Amino acid sequence: MSDSSQDISDPSVSPEERYERGLALKQAGLHKAAIEQFEMAAVEAALVLKAYAQIGLCYKLAGCYEEAVPAFQKALNVTTASSKETVQILYVLGRTLESLGRVAETLEAYRWIRREDPDYRDVAERIERLSIRRPAVVTKKT
């Protein structure tokens, strides 16, 4: 049995196998290794969307929210994405942006979801809550 560091650049390992390995590594909590596998799987056009969505999820699970955002955005740029896939990725992107306090971008993602699927999860409540939360002007009392 080969060591995983030896097969990292093994051309005989298919992108599909890389994707499956990435899922197993993600499940085991080995996010960095999973990301490497997903990046190699993304060379296959049919896997680009799923691989980048998984890369974003790995970064998010590892607490690296800033790194997750571009991965989700790459997944969203795949022209073959179905409406359902787009909504799912936008939701996770929205939740990630929300965690980062990027309210305007979060609202943009959630509003797009609401146009596509008005009853999707808790999007309506999230939009309402974020719309109420205006950037407050902090004034210090002296």
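The numbering scheme is per chain: residues are counted from 1 as the chain's sequence reads. The predicted origin of the model limits local features to residues at a pLDDT of at least 70 and limits the giving and counting of side-chain atom pairs to 80 or more, whereas totals for whole chains, interfaces and linings rest on all residues. In computing side-chain values, all of the structure's heavy atoms are included and hydrogens and water are not.

Trainee: An account of the overall build of the chain is needed here, citing residue identities and associated values.
Mentor: Working definition: helices are DSSP H or I runs of at least four residues, strands are E runs of at least two. Numbering for both runs from the N terminus. From N to C terminus, the chain includes 7 helices and 0 strands. N-terminal to C-terminal, the α/β element order of the chain is α-α-α-α-α-α-α. Pairs of residues are marked as contacts when any of their non-hydrogen atoms sit within 4.5 Å. Restricting the contact set of the chain to residue pairs at least 6 apart, pairs at least 24 apart contribute 45%. Counting every atom, the chain has about 8,900 Å² of accessible surface; 53% of that belongs to carbon and sulfur. Accessible surface area values rest on a Shrake-Rupley calculation with a 1.4 Å probe, where residue burial reflects the displayed protein chains alone.

Trainee: Would you mind going over the packing of aromatic side chains in detail, with residue names and values included?
Mentor: Pairing of aromatic rings covers Phe, Tyr and Trp, the last through its six-membered ring, and needs centres within 6.5 Å; plane angles under 30 degrees mean stacked, over 60 mean edge-to-face, and all others mean tilted. Applying the stated criterion across every chain yields a total of 3 aromatic pairs. Within the aromatic cluster, the residues linked to one another by ring pairs are Tyr91, Tyr110 and Tyr120.

Trainee: Break down the packing of helix H4 (residues 65-76) against helix H5 (residues 83-99) for me, with residues and values.
Mentor: Each pair of packed helices gets described by two things: the angle between the helix axes and the distance between those axes. Angles here are taken between N-to-C directions and fall from 0 to 180 degrees, while the axes themselves are lines fitted to C-alpha atoms, restricted in helices to the stretch in contact. Between H4 and H5, the shortest axis-to-axis distance is 10 Å and the interhelical angle comes to 160°. What the angle tells us is that H4 and H5 run roughly antiparallel. H4 and H5 meet at a crossing whose hand is left-handed. Here Tyr65, Ala68, Val69, Phe72, Gln73, Ala75 and Leu76 of H4 lie close against H5, whose contacting residues are Thr86, Ile89, Leu90, Val92, Leu93, Thr96, Leu97 and Ser99. When its residues are assigned to classes, the contact of H4 with H5 shows 11 nonpolar, 4 polar and no charged. Between 65 and 115 degrees an angle is taken as roughly perpendicular, under 35 as roughly parallel, over 145 as roughly antiparallel, and anywhere else as oblique. We call a crossing left-handed when the near helix sits turned anticlockwise from the far one by less than a right angle, and right-handed when that turn is clockwise. Throughout, the ten residues Ala, Val, Leu, Ile, Met, Phe, Trp, Tyr, Cys and Pro are labelled nonpolar, Asp, Glu, Lys and Arg are labelled charged, and all others, Gly among them, are labelled polar.

Trainee: Now, about unusual backbone geometry: what can you tell me, with residues and values included?
Mentor: With a phi close to 40°, Arg121 is a non-glycine residue in the positive phi region. Partly exposed describes any residue whose relative accessible area lies between the buried limit of under 20% and the exposed limit of over 50%, with all areas from a 1.4 Å probe on protein chains only and scaled to the type maximum. The class of Arg121 is exposed, set by a relative accessible area of 58%.

Trainee: Now, about the packing of helix H3 (residues 48-61) against H5: what can you tell me, with residues and values included?
Mentor: The geometry of H3 relative to H5 is characterised by a closest axis approach of 11 Å and an angle of 20° between their N-to-C directions. Viewed along their axes, H3 and H5 adopt a mutual orientation that is roughly parallel. Viewed along their axes, H3 and H5 form a crossing whose handedness is left-handed. For the pair formed by H3 and H5, the contact residues are Leu49, Ala53, Leu57 and Lys60 on the first element and Glu85, Ile89, Val92, Arg95 and Thr96 on the second. The residue makeup of the contact of H3 with H5, split by class, is 5 nonpolar, 1 polar and 3 charged.

Trainee: How would you sum up the environment of Ser83? Please name residues and give values.
Mentor: For Ser83, the location among the structural elements is in helix H5. When the C-alpha positions of Ser83 and Glu116 are compared, they lie 7.5 Å apart, and in sequence the two are 33 residues distant. Separated by 2.6 Å, the side chains of Ser83 and Glu116 make a polar contact. Counted as a polar contact is a pair of N or O atoms within 3.5 Å, where, for protein atoms, one must be capable of donating a hydrogen and the other of accepting one, and residues adjacent in sequence contribute only when both atoms are in side chains.

Trainee: Explain the nonpolar core residue by residue, including any values.
Mentor: Remark: nonpolar core denotes a set of buried residues (Ala, Val, Leu, Ile, Met, Phe, Trp, Tyr, Cys) joined through side-chain atoms within 4.5 Å. Judged by nonpolar contacts, the single largest core of 33 residues is most densely connected at Phe38, Tyr110, Ile113 and Val123. At the level of elements, helix H2 (31-41), H3, H4, H5, helix H6 (103-116) and helix H7 (123-132) are the ones that each hand at least two residues to this core. If sequence neighbours within four positions are ignored, Ile113 has contacts with Val87, Leu90, Tyr91, Pro118, Tyr120 and Val123.

Trainee: Summarise H4; cite the residues concerned and give the values.
Mentor: Spanning 12 residues, H4 covers 17 Å between terminal C-alpha atoms, matching the ideal 16 Å at 1.5 Å per step. The complete set of buried residues in H4 reads Ala68, Val69, Ala71, Phe72 and Ala75. Buried-residue contacts for H4 involve H3 and H5. An expected span of 1.5 Å times one less than the residue number is assigned to each helix.

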